[in-house]
Each structure stands twice: as C-alpha cells, then as structure tokens.
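Breakdown of the fold
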Amino acid sequence: LQVFAHHYTRAQFRRWIERGWVWVFEHDTKLIAYRVVTRELPRVGAPHDLLKLEPTDVWAVNMYTLPEYQGLRVQAALITHVLAENRALGYRRELSMGRFDNESSRRTIGLSGGREMQEVLRTRLLGFTRYRFIEAGARHYYDGHASPDDRGGANAAGQDSGSACV
C-alpha cells in the first residue's frame, strides 16, 4: 500500500486491513484505488460532533484513485461493490462527509447511485470550532448530473460549508 502512503500512515492502513475495512482495486498487479469504510467515527471534528452511527450504519473514511485512473469510473465501481458487500452484512446506510466544492467526489457519489446531502456549517472563533447542520430542510439530492448547491463557493470569513452524505 506504499502507493497510498501519502494519505495515511502504514499503521493506520494495517489497522483497517486487520478489521476488514479496506477495499482496493488492482489493475495489472498495480493497486490503483482504495476505499475505507468503518464502524467508527473520527474522534474529533464534524462527524464526531454531529453524527451517531446506528447499528446498521457504516462510516466512509476516504476513497482515492491514482490520477492516471481517474475519470474511468473506478471509484463508482468500487463504491457499488462495497455497498453491495455491506448490504449483505446487514448495513443499510453509509455516512460520509465531503466538501460541496469537491466536484469529483460529488460526481463519483452520484454515479454510484446518488446520495442525500445535508449542508454543514463550520464556524471558527477565538480558536474554537463549532459544527452545525444549516437547517433541517437544507437537503439536496444529487444524481451526478446537476449541481447540488447553486449558491457555490465559501461562506463568510471564518465559515466553511461542507456536506454530510447520508
């Protein structure tokens, strides 16, 4: 997994592999993409502050495809495969977080079946960070073709918007 070493430590990948939480795609004996889905939320940040995993939920930590394989729907295929395996194990919902301005991630999620997205606001003031969902009705359904957020870019200074994909 040295090809993905710039994302996570070797020890972190080893822990995920031991627990069966890493899926990889290979082409001609070369690892070209990975996806990490766990039963644990991060210990800090928006996921920790805003979400709770139910017994039938999993958390998508990250996914990545080598640049020369991007645009070939590798991640969409990997997502579809992982979702099918997790459904067979009894998991019904996959949660993740990403940025609305990450078009590649949103498009990949849409190509794998679309997801419901809810906007999150991050506010930083005097060294403290607070996360909250914008409003209960601020849900977007993204199918991989239309922009889920016509408002675009970043919010006011000190505030970032993101998305919780559920």
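The notes below deal with the structure included here. (Residues numbered from 1 in each chain as written. Predicted model: local features only at pLDDT ≥ 70, side-chain atom pairs only at ≥ 80, totals over all residues. Heavy atoms only, no water.)

A look at the side chain of T65
Structurally, T65 can be placed in strand β3 (residues 57–65). Only 3.3 Å separates the side chain of T65 from the side chain of Q75, close enough to count as a polar contact. Those residues within four positions of T65 in sequence are excluded, and the remaining contacts are I32, A33, Q70, V74 and Q75. (Helix = DSSP H or I, 4+ residues; strand = E, 2+ residues; numbered from the N terminus. Polar contact = N/O pair within 3.5 Å; in protein donor to acceptor, adjacent residues only side chain to side chain. Contact = heavy atoms within 4.5 Å.)

Quick notes on the pattern of salt bridges
Once the charged atoms of two side chains with opposite charge are near each other, the side chains can pair. By the definition in use, this model includes six salt bridges. The partner of R35 in a salt bridge is E94, with the nearest N and O atoms 2.2 Å apart. With R35 in strand β2 (residues 30–38) and E94 in strand β4 (residues 93–98), this residue pair connects regions lying 59 residues apart in the sequence. No difference in accessibility class separates R35 from E94, as the two residues are buried. A salt bridge links R93 to D57; its shortest N-O distance comes to 2.8 Å. On the criterion of sequence distance, the pair formed by R93 in strand β4 and D57 in strand β3 is long-range, its members being 36 residues apart. Residue R93 is classed as partly exposed on the basis of its relative accessible area, which comes to 35%. Among the ionic contacts, a cluster of salt bridges with common partners joins R15, R19 and E40. (Salt bridge = Lys/Arg side-chain N within 4 Å of Asp/Glu carboxyl O. Buried < 20%, exposed > 50% of the residue type's maximum accessible area, 1.4 Å probe, protein only.)

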